[in-house]
Amino acid sequence: MSQRVLREYRRLVAAGGAANESNLHPTDPADLTHWEATLEGPQGTPYEGHSFPLRVTVPDKYPTLPPSVCFPKRTMPHPNVKWDTGEVCLDTLAGGWTPVMDLQYAVMAVRRLLAEPNPESPLNLELAALSRLGDHKAYDGIIKYRLAHSSIK
Amino acid sequence: MCNTEEHNIETANAEDSEERRESRAQFQELFEQFGRNNPQFNPELIELFQNMLSPLLQSQWHPEDREKGCSQEFIDSLPRVPRNKVPLTDTCSICFERFGNDNYPLLAQLPHCGHIFDLQCISMWLSNQVTCPMCRDVVNGHKVQDLDTSKAELEEDWGMYG
């Protein structure tokens, strides 16, 4: 495990809760390879009023390699999230990653993705198609329906 | 550089006799089958063997291995920054450690964009990448300023005919 993630942990603790809106924290402080965060649905989006747990996994080669993030399966209806697995497609966490970014940055990027989906690289074809067609009513409707019937409120 | 390499490969192919090309293809197939993707073989041995191939063949068979990072020579040639030239409270943006926490930090500065990192940290990144982690400047994309030969020739012509 790299010293880097330990320094990130210390920074987060030192900065205090207010600086950590998404409550990013290690699942087990003795491990630091598995982290959790909670994303609040951005205002003005169909996600508003819901909060979403996000799992963050730190690879051995972090920060040369990006952390991987995942929503619990079948909880996040979003064009760039695979519904059945919770897998997230986000350039920041793939080719766009550089080691000056950190776990908090990664979580913020996912939160931004909730407000700004990118229908050009879809993992949820149904939602991406509706978004591209500009059918906002159906798009929002499906997301709200899924959220209402998801186990996470 | 890429173009020259492709050109070389083409030339090499054209010069090959049919027979040689065929045995080379067979050899490549065997190599793929028994070497590269077979976990039974010692990866060090495979790498050693791969290095024994001519660079031309290496790049032809595994084009994905090309241009995947900066050369060790490039990384070694990065200018070092003396400790007293950086604020000691600055941190390396890759490991988040203060430069001042190390009594003998080895710091390297990237050409052009000028960003400074621990040599060890930036080496690890550049061995697989070619961009600055801060600003994505393509670090090895800047050529030493070419002499503008077109103009020189033009002037020469003027001299000849003028």
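Residues numbered from 1 in each chain as written. Chains lettered and ligands numbered in written order. Predicted model: local features only at pLDDT ≥ 70, side-chain atom pairs only at ≥ 80, totals over all residues. Heavy atoms only, no water.

For chain B, the name recorded in an unreviewed UniProt entry is RING-type domain-containing protein, with Huiozyma naganishii as its organism. In UniProt, chain B has this text filed under Pathway (unreviewed entry): "Protein modification; protein ubiquitination." Turning to chain B, the UniProt annotation filed under Subcellular location (unreviewed entry) states: "Membrane". (UniProt positions renumbered as here; feature names shortened; annotations may be inferred.)

As named in an unreviewed UniProt entry, chain A is UBC core domain-containing protein, taken from Huiozyma naganishii. Quoted verbatim from the Sequence similarities (unreviewed entry) field of the UniProt record, the comment on chain A reads "Belongs to the ubiquitin-conjugating enzyme family." The annotation that UniProt attaches to chain A under Pathway (unreviewed entry) is "Protein modification."

*Asks:* Before we go on, may I ask you to explain unusual backbone geometry in this structure?
*Replies:* For residues that are not glycine, phi is negative in most cases, and the peptide bond is trans in most cases. With an omega dihedral of 5°, the bond running from Tyr62 of chain A to Pro63 of chain A counts as a cis peptide bond. With respect to the secondary-structure elements, Pro63 of chain A resides in the loop between strand 3 (51-57) and strand 4 (68-70). A positive phi angle, close to 65°, is found at Phe96 of chain B, a residue other than glycine. Locating Phe96 of chain B in the fold gives a position in the loop between strand 1 (80-81) and strand 2 (107-109). In this structure Phe96 of chain B comes out as buried when scored by relative accessible area, which is 10%. Its identity is not glycine, yet His112 of chain B carries a phi of approximately 70°, on the positive side. Overall, the relative accessible area of 60% leaves His112 of chain B in the exposed class. (Helix = DSSP H or I, 4+ residues; strand = E, 2+ residues; numbered from the N terminus. Buried < 20%, exposed > 50% of the residue type's maximum accessible area, 1.4 Å probe, protein only.)

*Asks:* Sorry if this is basic, but what is going on with the packing of helix 3 (residues 125-133) of chain A against helix 4 (residues 136-149) of chain A here?
*Replies:* The geometry of a pair of packed helices is captured by two quantities: the angle between their axes and the separation between those axes. Residue and element names in this part refer to chain A. Here helix 3 crosses helix 4 at 150°, and the two axes come no closer than 9 Å. What the angle tells us is that helix 3 and helix 4 run roughly antiparallel. Across the interface between the two elements, Glu126, Leu127, Leu130 and Ser131 of helix 3 pack against Ala138, Tyr139, Ile142, Ile143 and Arg146 of helix 4. Here the contact of helix 3 with helix 4 is built from residues that sort into six nonpolar, one polar and two charged. (Axes fitted to C-alpha atoms, helices over the stretch in contact; angles between N-to-C directions. Parallel < 35°, antiparallel > 145°, perpendicular 65-115°, else oblique. Contact = heavy atoms within 4.5 Å. Nonpolar A, V, L, I, M, F, W, Y, C, P; charged D, E, K, R; others polar.)

*Asks:* Help me understand the environment of Ser123 of chain B, please; the structure alone is not making it clear to me.
*Replies:* Tracing the chain through its elements places Ser123 of chain B in helix 6 (residues 119-126). A C-alpha to C-alpha distance of 6.3 Å links Ser123 of chain B and Ile75 of chain B, two positions 48 residues apart in sequence.

*Asks:* I'm lost on the side chain of Glu8 of chain A in this one. Help?
*Replies:* If you trace the backbone, Glu8 of chain A turns up in helix 1 (residues 3-15). Taking the relative accessible area as the measure of exposure, Glu8 of chain A reaches 5% and is therefore buried. Leaving out residues up to four positions away in the same chain, Glu8 of chain A has contacts with Tyr62, Asp102, Leu103 and Gln104 of chain A together with Phe96 of chain B.

*Asks:* How do you make sense of the side chain of Asn20 of chain A when you look at a structure like this?
*Replies:* Residue and element names in this part refer to chain A. With respect to the helices and strands, the residue Asn20 is situated in the loop between helix 1 and strand 1 (25-26). Classification of Asn20 by relative accessible area gives buried; the value is 12%. Apart from the residues within four sequence positions on either side, Asn20 is in contact with Leu12 and Gln104.

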